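Each chain is listed here by its residues.
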Amino acid sequence: MEKERHGSRNGSAAGRDDRRTSSHGGLVAVTHDVPHQLEELVSTAHRIREAIESVVEGKSDAVRLTLTVLLAEGHLLIEDVPGVGKTMLAKALARSIDCPVRRVQFTPDLLPSDITGVSAYNQQTREFEFKPGPVFANIVVGDEINRASPKTQSALLECMEEHQVTVDGVTYRLDSPFMVIATQNPIEMEGTYPLPEAQRDRFTARVAMGYPEPRAELEMLDVHGGASPLDKLEPVATTAEVRALIEAVRGVYVSQPVKKYAIDLVVATRHSPDLRLGASPRSTLQLVRAARAHAALAGRDYVIPDDLQDLAVPVLAHRLLPSVEAQGQRRHPEQVVTDLVRRVPVPETSAS
């Protein structure tokens, strides 16, 4: 089924007549129709992606999703077994961008003030001075976030949602871009504190690294055998460039049928008998934001249903709770979302 050719934000179809339907039913844009701003976005994102992949071998899908979340002004949860490169991916992204980066190792004795900062008394001035915590950075890497207490985990709620920190009644704004990349091991749960639904809902997407292919693992032995490639990784983009990329993504057009399709996907999770908790309205917003970034990375200034389908599992699945029956049948939320994507009708549109 062919999908519509989406017009620009002001309703004009000028410059879009050369678009064609792809093999997946979506539209692709020819190079000369891509705005100059998006051309720069694709070029800069390509440099960042190459830098990360020089360190993290064989995980191109995870790297692309990480960039998508960054440009969507979101946060990423990396969840997988130990030793598959979760922290390496987070560090590689952080070092690829010339911006302030802080890393926090979450432990049971970590306090909220260890993350947000604290007001300390200055004996010379006889006044309290605010000492910023590690959250005052553009990229915050939180290792093993589920090892900290719920009280400490909740210190990130305001930061992630509102990009601000309130300490002793005073609110401090966080610089843009601001991204939290958190890691956790799903199998080592003894003595840990699983993230509550409210916290998981603030992560735009979740990615599982998975084991590398044998060829990629062999290449990893050659690359990482002598020294860590992170030591040689240099920034390939500035903070100003990333801000410009985010601004370009905000201008990507989303038509009404595509917005309706995003809502239909989210509403379907709320009525699924396999789920006892569906996706929230926040997830609808973040799904569309991520789809904008996904389209921009593909060189398009408009979103197609394929973008939503590609992102449905990583954006929605970690927010859902399976029903008792689904747990008994070992049906994971990822499988439920995949089935819903197959069943929810794609908006009927006509090609010109």
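See the structure shown above.
Here the structure is a predicted model, which is why all the values come from computation and not from measurement.

Rules of the game
Residues numbered from 1 in each chain as written. Predicted model: local features only at pLDDT ≥ 70, side-chain atom pairs only at ≥ 80, totals over all residues. Heavy atoms only, no water. Helix = DSSP H or I, 4+ residues; strand = E, 2+ residues; numbered from the N terminus. Expected span 1.5 Å × (residues − 1). Buried < 20%, exposed > 50% of the residue type's maximum accessible area, 1.4 Å probe, protein only. Arc of directions from axis to C-beta. Contact = heavy atoms within 4.5 Å. Pairing = 2+ DSSP bridges.

**Examining helix α2 (residues 60-71)**
Now for step 1: Helix length check: α2 (12 residues) gives 17 Å between terminal C-alpha atoms against 16 Å at 1.5 Å per residue, within 8%.
Now for step 2: Of all 12 residues in α2, 9 are buried, a share of seventy percent or more.
Now for step 3: Listed as buried for α2 are A62, V63, L65, T66, L67, T68, V69, L70 and L71.

**A closer look at helix α6 (residues 155-162)**
Since the α-helix packs 3.6 residues into each turn, any two residues three or four apart lie on the same face.
Now for step 1: Among all positions in α6, only A155, L156, C159 and M160 are buried. The buried side chains of α6 occupy one side of the element, clustering within an arc of 95° when seen end-on.
Now for step 2: Structurally, α6 contributes buried residues whose contacts are with α4 (113-116), α5 (150-153), β9 (164-167), β11 (179-184) and α7 (197-200).
Now for step 3: In the stretch just after α6, H163 is the one whose phi turns positive, near 55°.

**Let's talk about the pairing of strand β10 (residues 170-173)**
Where a strand is regular, its side chains alternate between the two sheet faces.
Now for step 1: Relative to β10, β9 runs antiparallel, the two being bridged by 4 bridges. Bridge assignment links Q164 to a residue of β10, and that residue is R173.
Now for step 2: With antiparallel pairing between neighbouring strands as the criterion, β9 and β10 make up a hairpin whose turn holds 2 residues, including D168 at a positive phi of roughly 55°.

**A short note on the pairing of strand β7 (residues 127-132)**
Now for step 1: Relative to β7, strand β6 (residues 117-122) runs antiparallel, the two being bridged by 6 bridges. In the strand pairing of β7, N122 is matched with E127.
Now for step 2: Between β6 and β7, which follow one another and run antiparallel, lie 4 residues, and R126 among them has a positive phi close to 55°.

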